[in-house]
Number of protein chains: 2
Amino acid sequence: MNKHYEQLLPYLERNHAYQAALALFSWDAETLAPISASEYTAKYVGILSEEAYHILICDEVKELLHKLSSKKEYDSLTVSEQAIVRLLQKEYDKMSCIPAKEYREFSELCAAAHPIYCRAKQTGKFEDFAPTLEKLIDYTRRFASYRAKNGESLYNILLNDYEEGFTTEVLDDFFSKVREAIVPLLKKVTEKNNTIDKSYNISFYPVDIQSGFCRFLSGYLGFDFNRGVIAESEHPFTTSLHNHDVRITNHYYSDNLESSMFSAIHETGHALYEMGVDDSITGTPAGSGISMGMHESQSRFYENMIGRSKDFWIPLFPKLKETYPEELEQVSLDDFIAGINKAEPGLIRTEADELTYPLHILIRYELEKDIFEGNCNIADLPKLWAKKYEEYLGVTPDNDGEGILQDIHWALASFGYFPSYAIGSAIAAQLYDYLAQRMPLSDYLKEGNLVPVREYLRDHIHKYGASYPTNELLKQVTGEEFNPDYYIRYLTEKYTTLYHL
Amino acid sequence: MNKHYEQLLPYLERNHAYQAALALFSWDAETLAPISASEYTAKYVGILSEEAYHILICDEVKELLHKLSSKKEYDSLTVSEQAIVRLLQKEYDKMSCIPAKEYREFSELCAAAHPIYCRAKQTGKFEDFAPTLEKLIDYTRRFASYRAKNGESLYNILLNDYEEGFTTEVLDDFFSKVREAIVPLLKKVTEKNNTIDKSYNISFYPVDIQSGFCRFLSGYLGFDFNRGVIAESEHPFTTSLHNHDVRITNHYYSDNLESSMFSAIHETGHALYEMGVDDSITGTPAGSGISMGMHESQSRFYENMIGRSKDFWIPLFPKLKETYPEELEQVSLDDFIAGINKAEPGLIRTEADELTYPLHILIRYELEKDIFEGNCNIADLPKLWAKKYEEYLGVTPDNDGEGILQDIHWALASFGYFPSYAIGSAIAAQLYDYLAQRMPLSDYLKEGNLVPVREYLRDHIHKYGASYPTNELLKQVTGEEFNPDYYIRYLTEKYTTLYHL
């Protein structure tokens, strides 16, 4: 092993001890911690976050990274080691160029922004949040400008933080395809929406029975209960302390059958990624999924391509009917498949179906791009929002709480994050197309055999963690970099068939 | 505020951030973490423990403690500040006198001892653990000797770590009273044991119903669900991240009614202590109960003096019967009170009733004293154990797993810890005697009003955390230092009455 790389390891391990503790605090806060604990616990979490930061952002690490960046040294590293050095350098550059004083002010602004955002969302008044948002944008712009080289666009710098290589050039192409294909398709679908009856979905489905069935579903997909746990929280999520401790949550609504089942499948998709990371890189900067988009591709692949397919439910639907014999008595497998795939334009992203989902993201992308390219006033955002929702989805929010304020990301200064959601769906479709050619996927699903697909994804994607950038990994697996055409074709064919268009 | 004390605060706060994280990891390991996680997580816990240690055991803290130890500076501090300085100095002296190399070797020995102990317990063979125990004792002896002043006895140094001021002189007096009063009393009780029928206790009591009733009991006693949570684990315990996040666990056996109810009451007693600590000292070395004995006094006060009294069950027994109408149909309140107080000599400490419990502790005390005063060979311990169990309790273990190996404490090198269990019971009796004179306790219990006793304990004990040593606190509350006579009298009167002796 390269000796400078070896000297770097204790820093990585120490840092990850803190990351594991912070992940556990965060998990605990969402799933269990008593309500009055947060104020006190926040202080300790703040201290540990700061200590974790200083372990990596220090002169010793800077020096080691510098030595490892020479061609000779870098070339002597393994692929995973190179990735670790690269990712650490990226984080180092991002953080170290911000003056400590500005970063502290920014952290305080973020902390203050949270309750302001929550109140504004509740009262539905964007104007109450706008001054804070303006400041958050200013800081984000300034911090990005510290890293801008040769007139690089600030929004591209932000996008690159979440998804390396997915510039506005790539995304403009992607989202224009989405807009051109999906907006007219959705109009046709909406006209025929009364052809699908999914009234069965709204009935009384006891929470403990849902919980049992969802646990079964996770195990069916390959969730390893020796290396993971499932709990409840307000919103479903996945977290990981390391590859032997991966945790998912769910939320059960007693009047909704679908919601928890597809959350379980979605989060299990994320969990399989984290559980599949190789032991040799867990607990390092390469020891987790490469990007938010790639992660989302795994969850959506399982949720949509697998979990909403008829093949998948052929062996499972009888068990579902046994579980809810009265509620589903009159429902056939075909009714159920139509129901779980029904598309309905709505206002809320997190409740959107597979077809309307990318339109919600498209709108955020267009607005974020306008903001960071200086093409709009913050005060005008709700008007722009309403116009785009009317145009693309045919719906208009009554207030900003169900409009531009519905998602917390901007209040966390997470600008450039949203596109990953749609990138994930598109990658899922690309992988699905490839896998369906690579193996008898349909037969496997009908037999209830999820092993081949899970092992394929583990051996070709999961085990590498963040060792390869998204596009490089995609090319290794499918022979092709990101190509949104698969996604457009997948949605078009699926919904044309489903609605007999 | 004293400026050196002020300089000490950031060290305390940083250290407590780690302590909170470690408490959370430990809680999580016992209640939820997946089975395969431990190997990986242990590494991170080790790193955080070491970092926490270095925050307090460092030259800067040493220097500040030195400055604060001058009479002038010390006198300028508040009572809690003085306690914090005193406790920190005690910890500092204990740790800093051990050469780093020896401490590392000792830590490695402890880690290795755990599986050796577990295997020996399982096979019931003390001889497999004896060589390791011998080494653990040697290290403990050596570390204690570094602190010994003027020929102080090593066992007294160990006892002082757990319970300040409770030397062998105090404990010899205490335990000889226990032996002289309880051993003959137990013989008489055992002869009349068939007069109490508690067969109702062994029936089918569904776990989820037990869990609901126990939750109700905790709330009834004043457990604040905004500041605490209840979960399940193999053995019930209490932990605390700070005074706004106090957690208890329970274990439900579907064939045992009593077990979980009295665990709930016991752990709630511990929790009320931690929840009652004043906000001004939480997260400092004084921010938790003063000692293991004082803590145990609170849990046993609630479990035994309150929870096993007829007065307590007068308002509750109808609800218990409603909860288990068939199982308890033939059981009267008096049958139930006799049942939950029935004494039966047994081999296992953790399953012991109120009367036999101190005899288990007495035996450990006598053996520990012999060990550290050099009066016995390690190899002879099982024989000595059997002799004492026969003499005091009239029972003999079939193997060492249910004998000397039943408790893990020695494998953790926790020598001097056991006496605290009996000290706790005795303090509980002393407090009970005082409170029963101080307030109409019996009436309150019959009315189902637990508020006055809870508030009294909070205002006179809990809020101070570890600000006062046990004896000083006891004197403040009851006007008297530790006095085991109350305990002896309490047990004698209770069991004489119960068994009509």
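Residues numbered from 1 in each chain as written. Chains lettered and ligands numbered in written order. Predicted model: local features only at pLDDT ≥ 70, side-chain atom pairs only at ≥ 80, totals over all residues. Heavy atoms only, no water.

Another aspect to go through is the overall build of chain A. Helix and strand counts for chain A come out as 21 helices and three strands. Its C-alpha radius of gyration of 23 Å places chain A within 12% of the 23 Å reference for a compact globule of 501 residues. The dimensions of chain A, computed from C-alpha atoms along their principal axes, are 70 × 50 × 50 Å. By residue count, 55% of the 501 residues in chain A fall in the buried class. Pairs at least 24 residues apart make up 75% of the contacts formed inside chain A by residues separated by at least 6 positions. (Helix = DSSP H or I, 4+ residues; strand = E, 2+ residues; numbered from the N terminus. Rg over C-alpha atoms; globule rule 2.2 N^0.38 Å. Buried < 20%, exposed > 50% of the residue type's maximum accessible area, 1.4 Å probe, protein only. Contact = heavy atoms within 4.5 Å.)

Residue and element names in this part refer to chain A. Within the open sheet, the three strands sit side by side as β1-β3-β2. Their pairing is mixed. Among the strands making up the open sheet, the edge pair consists of β1 (228–232) and β2 (238–242). Neighbour to neighbour, the strand axes of the sheet diverge by 20° on average, direction disregarded. Pairing geometry for β1 and strand β3 (residues 245–250), over five bridges, is parallel. Within β3, the residue paired with Val 229 across the bridge is Arg 247. Packed on one face of the sheet, helix α1 (residues 3–31) meets β1, β2 and β3 and runs near 145° to β2. (Pairing = 2+ DSSP bridges. Axes fitted to C-alpha atoms, helices over the stretch in contact; angles between N-to-C directions.)

Attention now moves to the interface of chain A and chain B. Chain A puts 39 residues into the contact, and the matching count from chain B is 39 residues. Between chain A and chain B the total buried area reaches about 3200 Å² when both faces are included, carbon and sulfur atoms providing 67% of it. Contact with chain B buries area across many residues of chain A, yet Pro34(A), Tyr40(A) and Tyr44(A) alone supply 19% of it, more than any other trio. Linking chain A with chain B are six salt bridges. Put simply, Arg247(B) and Asp28(A) hold a salt bridge, and the shortest N to O gap is 2.6 Å. Our count for the contact surface shared by chain A and chain B stands at 15 residue pairs in polar contact (both at pLDDT 80 or more). Sorting the residues of the side of chain A that touches chain B by element identifies α1, α2 (38–56), β1, β2 and β3 of chain A as the ones contributing at least two each. When residues in the side of chain A that touches chain B are grouped by element, the largest group, 11 residues, is from α1(A). A breakdown of the residues in the side of chain A that touches chain B according to their chemical character gives 20 nonpolar, 10 polar and nine charged. (Buried area = accessible area lost by both parts, 1.4 Å probe. Salt bridge = Lys/Arg side-chain N within 4 Å of Asp/Glu carboxyl O. Polar contact = N/O pair within 3.5 Å; in protein donor to acceptor, adjacent residues only side chain to side chain. Nonpolar A, V, L, I, M, F, W, Y, C, P; charged D, E, K, R; others polar.)

Across the chain, the bulk of peptide bonds are trans and the bulk of non-glycine residues have phi less than zero. The phi angle at Asn150(A) is positive, at roughly 50°, despite the residue not being glycine. Note on placement: Asn150(A) falls in the loop between α7 (126–147) and α8 (154–162). Residue classification places Asn150(A) among the exposed residues on the basis of a relative accessible area of 82%. One non-glycine residue, His500(B), lies in the positive phi region at around 50°. Assignment of secondary structure puts His500(B) in the segment after α21 (485–498). When its relative accessible area of 66% is taken as the criterion, His500(B) is described as exposed.

Our next topic: the pattern of salt bridges. The tally for this structure, following the rule as stated, stands at 48 salt bridges over all chains. A salt bridge links Glu164(A) to Lys90(A), with the shortest nitrogen-to-oxygen separation between them at 3.6 Å. Here Glu164(A), found in the loop between α8 and α9 (168–191), pairs with Lys90(A), found in helix α5 (residues 79–96); they are 74 residues apart in sequence, far enough to count as distant. The class of Glu164(A) is partly exposed, set by a relative accessible area of 37%. A relative accessible area of 28% means that Lys90(A) is categorised as partly exposed. In the salt-bridge network here, residues are joined through shared partners; they are Asp28(A), Asp245(B) and Arg247(B).

To continue, consider the sheet that holds strand β2 (residues 238–242) of chain B. All names here are of chain B. The sheet built from three strands is open, its strands ordered β1-β3-β2 with mixed pairing. If you trace the sheet from one side to the other, it starts and ends with β1 (228–232) and β2, each paired once. The average angle at which neighbouring strand axes cross in this sheet is 20°, direction not considered. As paired strands, β2 and strand β3 (residues 245–250) are joined by four bridges and run antiparallel to one another. Pairing of Thr 238 across the sheet is with Ile 248, part of β3.

Looking now at the domain arrangement of chain A. All names here are of chain A. Domain annotation of chain A identifies domain 1 (3–123) and domain 2 (168–498). Inter-centroid distance (C-alpha atoms) of domain 1 to domain 2 is 28 Å. Of the residues lining the interface, 20 residues belong to domain 1; the matching set on domain 2 comes to 27 residues. Taken together, the two surfaces of domain 1 and domain 2 that pack against each other cover about 2100 Å², and 71% of this comes from carbon and sulfur. Inspection of the domain 1/domain 2 interface yields seven residue pairs in polar contact (both at pLDDT 80 or more). Counting residues per element, the ones that place at least two in the side of domain 1 that touches domain 2 are α1, α5 and α6 (100–123). Of all the elements, α1 adds the most residues to the side of domain 1 that touches domain 2, at eight residues. Each residue belonging to the side of domain 1 that touches domain 2 can be placed in one class, and the counts come to 13 nonpolar, four polar and three charged. (Domains from an automatic or database assignment.)

Moving on to the relation of the copies chain A and chain B. Note: a rotation about an axis with an accompanying shift along it relates these two copies of the chain. Superposing chain A onto chain B requires a rotation of 180° together with a translation of 0.1 Å along the rotation axis, leaving an RMSD of 0.0 Å. Given the turn and translation reported, the copies of this chain are related as if by a two-fold rotation axis. Scanning chain A for the C-alpha nearest the rotation axis identifies Ala21(A), at a separation of 3.1 Å. A shared binding surface is used by both copies, with 100% of the interface residues of chain A retained as interface residues in chain B. (Least-squares fit on C-alpha atoms with pLDDT ≥ 70 in both.)

Our focus in this paragraph is the packing of aromatic side chains. What the rule picks out here adds up to 77 aromatic pairs over all chains. For the pair Tyr357(B) and Tyr421(B), a centre-to-centre distance of 6.4 Å together with 80° between the ring planes defines the contact as edge-to-face. Taken together, the residues span a long stretch of sequence, with Tyr357(B) in helix α15 (residues 357–372) and Tyr421(B) in helix α17 (residues 419–438) at a distance of 64 residues. Exposure remark for Tyr421(B): the relative accessible area of 10% places this residue in the buried category. Among the aromatic side chains, those forming a connected cluster through ring pairs are Tyr155(A), Phe166(A), Phe174(A), Phe175(A), Tyr365(A), Phe372(A), Trp410(A), Phe415(A), Phe482(A) and Tyr487(A). (Phe/Tyr/Trp six-rings, centres within 6.5 Å; stacked < 30°, edge-to-face > 60°.)

This brings us to the nonpolar core. If you look at the biggest cluster of nonpolar residues, it comprises 316 residues, and the most contacted ones within it are Phe312(A), Trp313(A), Phe336(A), Phe312(B), Trp313(B) and Phe336(B). Excluding residues that lie within four positions of it along the chain, Phe336(B) makes contacts with Tyr200(B), Leu257(B), Met261(B), Trp313(B), Phe317(B), Leu320(B) and Val331(B). (Core = buried A, V, L, I, M, F, W, Y, C linked by side-chain atoms within 4.5 Å.)

With that out of the way, let us pick up the packing of helix α3 (residues 59–68) of chain B against helix α5 (residues 79–96) of chain B. Residues and elements named next belong to chain B. In contact at an axis separation of 11 Å, α3 and α5 are set at 130° when each is read in the N-to-C sense. Put simply, α3 runs oblique to α5. In the crossing of α3 with α5, the sense of the turn from one axis to the other is left-handed. Here α3 contributes Val 61, Lys 62, Leu 65 and Leu 68 to the contact with α5, which in turn contributes Val 85, Leu 88, Gln 89 and Tyr 92. (Parallel < 35°, antiparallel > 145°, perpendicular 65-115°, else oblique. Left-handed = near helix turned anticlockwise from the far one by under 90°.)

Residue and element names in this part refer to chain A. Compared with the 26 Å implied by 1.5 Å per residue over 18 residues, the 25 Å span of α5 between its first and last C-alpha is a close match. Looking at α5, one finds that the buried residues are Glu 81, Gln 82, Ala 83, Ile 84, Val 85, Leu 88, Tyr 92 and Met 95. Where α5 is buried, its residues meet α1, α2, α3 (59–68), α4 (71–75) and α6. (Expected span 1.5 Å × (residues − 1).)

Counting buried positions along β3(B) gives six out of six residues, so the element sits mostly inside the fold. Burial along β3(B) is two-sided: Asp245(B), Arg247(B) and Thr249(B) and Val246(B), Ile248(B) and Asn250(B), pointing in opposite directions, are all buried.

What follows covers the packing of helix α9 (residues 168–191) of chain B against α21(B). Residues and elements named next belong to chain B. Two numbers describe how α9 lies on α21: the axes approach to 10 Å, and their chain directions differ by 5°. The orientation of α9 relative to α21 falls into the category roughly parallel. Of the residues in α21, those in contact with Phe 174, Lys 177, Val 178, Ala 181, Ile 182, Leu 185 and Val 189 of α9 are Asp 485, Tyr 487, Ile 488, Leu 491, Thr 492, Tyr 495 and Thr 496. Within the contact of α9 with α21, the residues separate by chemical class into 10 nonpolar, two polar and two charged.

It is worth spelling out the state of the cysteines at this point. Two cysteines form a disulfide when their sulfur atoms are joined by a covalent bond. Residue and element names in this part refer to chain A. Applying the stated criterion across every chain, the model contains zero disulfides over all chains. Not part of a disulfide, Cys 376 finds its nearest cysteine sulfur in Cys 110, a span of 20 Å. Assessed through its relative accessible area of 17%, Cys 376 is described here as buried. (Disulfide = S-S within 2.5 Å.)

Another point: the side chain of Gln82(B). Relative to the helices and strands, Gln82(B) is located in helix α5. At 2.9 Å, the side chain of Gln82(B) forms a polar contact with the backbone oxygen of Tyr74(B).

On average, residues of chain A carry a pLDDT of 96, and 100% of them reach 70 or more. For this predicted complex, the interface confidence comes out at an ipTM of 0.93, alongside a pTM of 0.94. (pLDDT = per-residue confidence, 0-100.)

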